[in-house]
Amino acid sequence: MADQGEQYEKSWILHHILDRFIGSPEIVEIRRRQILMSELMLNGRKQGTITFNTGSLAEGIWMKGSDKDTMFIGDKVIVLCPSQHFSISQDSKDKTVFMMRHADSRPGYVNLEVVNLGPTCSEVIAQSIVGVGNALFISSEMYRRNYADTMGNFANSIVETHGPAVTLTSAQSKLRVDTDIVVAIQCTRWPHEGLEWVSRPRLHSWPDQSLRDEIVQGGCQLVPVGDRTSADTFLQWRISFTTAERKLIHSLTHTQFLIYGLLKYLIKQISDRLKSIFGDEDILSSYIIKTVMFYAVESTPGSLWQEKNTFFCFVLCFKILIAWVNAGYCPNYFISINNMFCGKVQGENQQKLLHVLIELYNMKWECLSVGTVIEPPLGIRLQSVRNGAWELILLPPTKSEMQYDFEIFSAAFLATDSTDFLSGSLSLLSKARLGIGEFLAYTTTLRALCCTGMGTFEKHIPAKGNKEKYNVFRKCKNLITPLSSVCASPGLLTLATYHYQTGNYTKTLEMCRVMLSSFKINIFSSSNYQERDIYENLYCGRGYTLLHKCQEVWVSDVEFPANALQFCPSQLHPELINIPSTGILSIPPLPYAVFLTFLCYQELGDMRRRDTALCHLRAVKYDKDQGGSKHWIVHNILGICYEMVGDTRRAIREYKDSLDVWRFDQYKNPARRRIERLQNYQ
């Protein structure tokens, strides 16, 4: 009994460590809500592609190395199952239609025969069509390669392909996380290969009938990758259940979700060892771990998954994995006759992997202390708590509030921002419940209103008479002002831009001082622990509302949509003209506030204060989060200022430095044209 009591205690501690390491129920809910809200906004634009986020971040897990996977599903392309009758109806005549055909492969892979090439067929699809006898098929290999080329050209970056995905790495592109992009084709029917999943007996009612029905109604997707065990993968496409899998992950209890995160953690911790043994750390992919979790939850009673059984349930999942490796058979969760170990976990690899897993299993609790990818390992943290470091799991209320706030404001500021999303954001706001959902929908709606206001500004140009111009300006200001009451940036700085463009330089300077003279946290640099401590001391435990804290502290980039050319300061027009029609020019708030200050003093003829602002901007260039090392636009802004004071040599140097900043959006940078223009004038 004493031993059981110790196991319960250690499991309780482990559960609470995971609660901090992976996320509390409230924090996981915020992360998921932000992803869902972003999708609703993007997909409301109806621009030919449905966006669906997958990977750890969409599931609600954030740990070192967490990836963000995005699936783009064309809404003008559909796949039919062989049993489906098809006739080109009025609503589908513009769509490209494929029919699943048998492929010489494992279950779960098909060939796609062309039934109808619609007039809106993309160039990537058209270039991937090949003839086979009297029929036309779309080649997965050509499609994946063509899309990778398109993405590489668009992002001006080297891209890699891995399975069906095109990968933009954070190291190459300066994205916050590695991003896998998969372009898929939707099948609205549940495939024949997955019927066993629908009807198989479930002793413990997971997933329940309503969730199964919802999943079946959602159909499946086809992704461009063939069966690696086949002799010829050129035409093969894999049946994917990505949307179903996210629904299943979101249906897990919090304890089940934490154990799933613990399994992913352990595989991450041994990834270096796996790579040294097999030359491939992905021999145990996150998809295998997800499959283990699904089978474990389906085959056990929900009452088993309690805090006190955290380690027991983890071991149960690990034993399932060992049994599969021992048998050399990992059944796909939806198509159980598809052995996902084929061609990978066999022969010598199978025995080596089995040895590694049994060794970890025999370590019992000590297995949580292996690895150096994430430091300190969870096992060390657990032992520290047992030795008295209870602060590792029992957070003071102010620290819990601080962590909660950081998650909420990250979700609010990272949400998609565009005029196209106004109707979607208003719909979200009308449906939002009080609390997190309402705050997120409210801030997103105000950002969409602000974008609408910026786009309205240009209407003053053709306006006839002062009264009509005044009405345009008033409408623009009225649309921009609400966001300025929520945050200093982009809200107040966007309103400051309005005042600059309408000649009220004193008001502009007053608003810029708010950004420059008080403590602010930029959401893109919120990993700064010193800032977190200051925020906790000043704003947590004091009963402040989310709105008050947002007004006082939180800032994000100033953003100019492509349709706001006349609203954006004219000095930045080459940058804004260079972005796609649906794109946005983003500028970190600190350098932008200094830049706007410089412009105002230039207009006022106050050269002394103008030069002071220029010195300030030179210093801001070296800011580790908002400076030129991460943002080419900062070099451009400084170069523009040098041009305005007549220092051509320094302006050219800044533009050259701008071109050396390695970012995924470097293709938008007009610095080279700026250099050529200045050199031609010399």
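In this text, all values refer to a predicted model and were calculated from it rather than measured experimentally.

**Student:** Before we move on, could you go through the overall build of the protein and cite the residues and values that matter?
**Tutor:** In terms of helices and strands, the protein carries 29 helices and 15 strands. A compact globule built from 682 residues would reach a C-alpha radius of gyration of about 26 Å, and the protein, at 28 Å, matches this within 12%. Principal axes of the C-alpha set define a box for the protein whose edges measure 80 × 75 × 50 Å. Of the contacts made within the protein by residues no fewer than 6 positions apart, 67% connect residues no fewer than 24 positions apart. With the model as given, the accessible surface of the protein reaches about 29,800 Å², and the carbon-plus-sulfur share is 52%.

**Student:** Go over the side chain of Arg381, please, and point to the residues and values.
**Tutor:** Note that Arg381 resides in helix α15 (residues 378-386). No salt bridge forms around the buried Arg381; measuring N to O, its nearest opposite-charge neighbour Glu375 is 7.6 Å away. In this structure the side chain of Arg381 is engaged in a polar contact, spanning 2.8 Å, whose partner is the backbone oxygen of Pro376. Beyond its immediate chain neighbours, meaning those up to four positions away, Arg381 contacts Ile17, Phe21, Ile374, Glu375, Pro376 and Leu392.

**Student:** Go over the pattern of salt bridges, please, and point to the residues and values.
**Tutor:** All told, the structure shown has 28 salt bridges when counted by the stated rule. Between Arg33 and Glu29 there is a salt bridge whose closest N-O contact spans 3.0 Å. Of this pair, Arg33 and Glu29 both sit in helix α2 (residues 25-43), separated by four residues, roughly a single helical turn. For the salt bridge of Lys290 with Glu245, the shortest nitrogen-to-oxygen distance reads 4.0 Å. Of the two residues, Lys290 is situated in helix α12 (residues 286-298) and Glu245 in helix α9 (residues 242-251); the sequence distance between them amounts to 45 residues. For Lys290, a relative accessible area of 12% gives the class buried.

**Student:** For empty space enclosed by the protein, give the residues involved together with the corresponding values.
**Tutor:** Taken as a whole, this structure holds three cavities of 30 Å³ or more when the rule is applied. Elements with a minimum of two residues in the lining of the largest cavity: α16 (397-414) and α18 (436-456). Its residues placed into classes, the lining of the largest cavity shows seven nonpolar, one polar and one charged.

**Student:** Outline the nonpolar core, listing residues and values.
**Tutor:** Within the largest apolar cluster, 100 residues are counted, with the highest numbers of intra-cluster contacts made by Phe98, Met100, Leu112, Leu222, Met293, Phe314 and Phe334. Here the element with the most residues in this core is helix α13 (residues 310-327); it accounts for eleven residues. Leaving out residues up to four positions away in the same chain, Phe98 has contacts with Val77, Ile78, Val79, Leu80, Leu112, Glu113, Val114, Val115, Ile125, Ile129, Ile138 and Ile185. Ranked by size, the runner-up nonpolar core spans 83 residues in total, among them Met37, Ala496, Ile637 and Ile675.

**Student:** Explain the side chain of Arg610 residue by residue, including any values.
**Tutor:** Relative to the helices and strands, Arg610 resides in helix α26 (residues 607-620). Exposure remark for Arg610: the relative accessible area of 10% places this residue in the buried category. Among the polar contacts made by the side chain of Arg610, one reaches the side chain of Asp611 at a distance of 2.9 Å. Those residues in contact with Arg610, other than ones at most four positions away along the chain, are Phe598, Tyr601, Gln602, Met644 and Val645.

**Student:** If you had to explain the domain arrangement of the protein to someone new, which residues and values would you point to?
**Tutor:** Annotation of the protein at the domain level lists domain 1 (1-46 + 252-394), domain 2 (50-249) and domain 3 (397-416 + 454-680). With centres defined by C-alpha atoms, the gap from domain 1 to domain 3 works out at 42 Å. A buried area of about 880 Å², summed over both sides, lies between domain 1 and domain 3, and 63% of it is on carbon and sulfur atoms. Here domain 1 is connected to domain 3 by one salt bridge. Salt-bridge contacts for Glu407 lead to Arg31; the nearest nitrogen and oxygen are separated by 3.0 Å. Across the contact surface, domain 1 and domain 3 share one residue pair in polar contact (both at pLDDT 80 or more). Top contributing element to the side of domain 1 that touches domain 3 by residue count: α2, with nine residues. Here the side of domain 1 that touches domain 3 is composed, by residue class, of five nonpolar, two polar and four charged.

**Student:** Explain a nonpolar patch on the surface to me, using residue names and the numbers behind them.
**Tutor:** A cluster of nonpolar side chains, namely Trp12, Trp390 and Leu394, defines an oily patch on the protein surface of about 280 Å² accessible area. By the secondary structure assignment, Leu394 is in the loop between α15 and α16. Leu394 sits in the partly exposed class, given a relative accessible area of 47%.

**Student:** Tell me about unusual backbone geometry, and name the residues and values.
**Tutor:** Residue Pro207 follows Trp206 across a cis peptide bond; omega there is -10°. The topology assignment puts Pro207 in the loop between α7 (195-199) and α8 (209-217). Following Glu375, the chain continues to Pro376 via a peptide bond in cis, the omega torsion being -15°. Here the phi dihedral of Ser205 falls at roughly 55°; this positive angle occurs in a residue that is not glycine. Topologically, Ser205 is positioned in the loop between α7 and α8.

**Student:** Outline the packing of α26 against helix α27 (residues 632-644), supporting the account with residue identities and numerical values.
**Tutor:** Interhelical geometry of α26 versus α27 gives an angle of 150° and a closest axis separation of 10 Å. What the angle tells us is that α26 and α27 run roughly antiparallel. With respect to the hand of their crossing, α26 and α27 are arranged in left-handed fashion. The segment α26 lies against α27, with Arg610, Leu614, Leu617 and Arg618 engaging Ile637, Leu638, Cys641, Tyr642 and Met644.

**Student:** Before we move on, could you go through the state of the cysteines and cite the residues and values that matter?
**Tutor:** Applying the stated criterion across every chain, the model contains zero disulfides. Take Cys317: it sits in no disulfide, and the sulfur closest to it among the cysteines is that of Cys313, at 7.0 Å. What makes Cys317 buried here is its relative accessible area of 1%. Cys487 supplies the cysteine sulfur nearest to Cys550, a cysteine that is in no disulfide, at a spacing of 5.4 Å.

**Student:** Lay out the pairing of strand β3 (residues 96-102) in plain terms, naming residues and giving numbers.
**Tutor:** When you tally the buried positions in β3, you get five out of seven residues, the bulk of the element. The pairing of strand β2 (residues 68-80) with β3 spans four bridges and is parallel. Note on β3: the bridge partner recorded for Ile78 is Val97. Where β3 lies against strand β4 (residues 109-116), six bridges are found, and the strand directions are antiparallel. Bridging from a neighbouring strand, Phe98 pairs with Val114 of β4.

**Student:** Lay out helix α29 (residues 671-681) in plain terms, naming residues and giving numbers.
**Tutor:** Within α29 the residues assigned to the buried category are Ala671, Arg674, Ile675 and Leu678. For α29, the angular spread of buried residues about the axis comes to 100°, placing them on one side. Set apart from the buried face of α29 by more than 90 degrees, the exposed residues are Arg672 and Asn680. Where α29 is buried, its residues meet α24 (573-577), α27 and α28 (648-659).

**Student:** Pulling in residues and values, what's your account of the environment of Ser139?
**Tutor:** Inspection of the secondary structure puts Ser139 in the loop between β6 (135-138) and α5 (140-155). Since its relative accessible area comes to 0%, Ser139 is described here as buried. In the structure, Ser139 is positioned 148 residues away from Tyr287 in sequence and 25 Å away in space, judged by C-alpha atoms. With residues near it in sequence (within four places) discarded, Ser139 still touches Ser128, Phe234, Leu235 and Trp237. At 2.9 Å, the side chain of Ser139 and the backbone oxygen of Phe234 are in polar contact.

How each quantity is defined
- Residues numbered from 1 in each chain as written.
- Predicted model: local features only at pLDDT ≥ 70, side-chain atom pairs only at ≥ 80, totals over all residues.
- Heavy atoms only, no water.
- Helix = DSSP H or I, 4+ residues; strand = E, 2+ residues; numbered from the N terminus.
- Rg over C-alpha atoms; globule rule 2.2 N^0.38 Å.
- Contact = heavy atoms within 4.5 Å.
- Areas by Shrake-Rupley, 256 points an atom, 1.4 Å probe, with all protein chains shown as cover.
- Buried < 20%, exposed > 50% of the residue type's maximum accessible area, 1.4 Å probe, protein only.
- Lys, Arg positive; Asp, Glu negative; His and termini not counted.
- Salt bridge = Lys/Arg side-chain N within 4 Å of Asp/Glu carboxyl O.
- Polar contact = N/O pair within 3.5 Å; in protein donor to acceptor, adjacent residues only side chain to side chain.
- 1 Å grid on protein atoms, 1.4 Å probe; cavity = no way out; pocket = protein on both sides within 12 Å on 5 of 7 lines; lining within 4 Å.
- Points joined across faces, edges and corners; volume = space filled by probe spheres on them.
- Nonpolar A, V, L, I, M, F, W, Y, C, P; charged D, E, K, R; others polar.
- Core = buried A, V, L, I, M, F, W, Y, C linked by side-chain atoms within 4.5 Å.
- Domains from an automatic or database assignment.
- Buried area = accessible area lost by both parts, 1.4 Å probe.
- Patch = residues over 30% accessible without salt bridge, like charges linked within 9 Å, V, L, I, M, F, W, Y side chains within 5 Å.
- Axes fitted to C-alpha atoms, helices over the stretch in contact; angles between N-to-C directions.
- Parallel < 35°, antiparallel > 145°, perpendicular 65-115°, else oblique.
- Left-handed = near helix turned anticlockwise from the far one by under 90°.
- Disulfide = S-S within 2.5 Å.
- Pairing = 2+ DSSP bridges.
- Arc of directions from axis to C-beta.

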